[in-house]
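One letter stands for each residue in the lines below.
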Amino acid sequence: MEEFQQELMLDGDRELAVAVGRAYATAGWKGVLTKEAEIYQAPGAHYDPQTVAAAYAGLGDKDKAFLWLNKAYDAHGLLFVKASPEFDSLRNDPRYSDLLRRMGLPQ
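Anyway, here's the lowdown on the structure attached to this text. Not measured: the values here are computed from a predicted model.

1. Looking at the overall build of the protein chain
Counting its secondary structure elements, the protein chain contains five helices and zero strands. Each helix and strand of the protein chain, ordered N terminal to C terminal, gives the series α-α-α-α-α. Over its C-alpha trace the protein chain gives a radius of gyration of 14 Å, about what one expects of a compact globule, namely 13 Å for 107 residues. For the protein chain, the spread of C-alpha atoms along the three principal axes comes to 40 × 25 × 20 Å. In the protein chain, buried positions account for 35% of the 107 residues. Relative to all contacts within the protein chain whose residues are 6 or more apart in sequence, the contacts with residues 24 or more apart total 39%. Only carbon and sulfur atoms are counted for the fraction: they give 52% of the accessible area of the protein chain, which is about 6600 Å².

Below, the structure is given as structure tokens:
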């Protein structure tokens, strides 16, 4: 958690680092994932649908994960979906194969 917070601080996101630290202190890793989903889905500088998708995948909410993966795909902002371990829990879902097919990637 400290390394993650340091990374955010180095990126100039002190406020986000503090928020993530508080979320971890109160609810553990689930709290961090919930806070990430909240922060990165809000319009603005931090908006990142792939990060939201990864957070929901980590929380076990496949429907919301695929909703946000599709938003990332539509925005042409979906990178490393086949290599990212954050999406391991989604790989057996037919929606994952469909997403790869639409991206033109081998399944």
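2. Some details on unusual backbone geometry
The phi dihedral of His 76 falls on the positive side, at around 55°, and the residue is not glycine. Within the secondary structure layout, His 76 lies in the loop between α4 (62-74) and α5 (94-103). Although it is not a glycine, Phe 80 sits at a positive phi angle of roughly 60°. Within the secondary structure, Phe 80 sits in the loop between α4 and α5. Residue classification places Phe 80 among the exposed positions, given a relative accessible area of 64%.

3. Considerations on the environment of Tyr 40
Mapped onto the elements, Tyr 40 comes out in helix α2 (residues 14-41). Distance from Tyr 40 to Lys 30, taken between C-alpha atoms, is 15 Å for residues ten residues apart in sequence. Here Tyr 40 is in contact with Leu 8, Leu 16, His 46, Tyr 47, Asp 48, Thr 51 and Val 52, once residues within four sequence places are set aside.

4. Considering the side chain of Asp 93
Mapped onto the secondary structure, Asp 93 falls in the loop between α4 and α5. Excluding residues that lie within four positions of it along the chain, Asp 93 makes contacts with Lys 62 and Phe 66.

5. Some points on the pattern of salt bridges
For the structure shown, the criterion picks out six salt bridges. Notably, a salt bridge pairs Glu 38 with Lys 35, separated by 3.3 Å at the nearest N-O pair. Of this pair, Glu 38 and Lys 35 both sit in helix α2, separated by three residues, roughly a single helical turn. Judged by its relative accessible area of 45%, Glu 38 falls in the partly exposed class. Looking at Lys 35, the relative accessible area reads 22%, which means it is partly exposed. Where salt bridges share partners, they join Asp 63, Asp 93 and Arg 95 into one cluster.

Conventions adopted
Residues numbered from 1 in each chain as written. Predicted model: local features only at pLDDT ≥ 70, side-chain atom pairs only at ≥ 80, totals over all residues. Heavy atoms only, no water. Helix = DSSP H or I, 4+ residues; strand = E, 2+ residues; numbered from the N terminus. Rg over C-alpha atoms; globule rule 2.2 N^0.38 Å. Buried < 20%, exposed > 50% of the residue type's maximum accessible area, 1.4 Å probe, protein only. Contact = heavy atoms within 4.5 Å. Areas by Shrake-Rupley, 256 points an atom, 1.4 Å probe, with all protein chains shown as cover. Salt bridge = Lys/Arg side-chain N within 4 Å of Asp/Glu carboxyl O.

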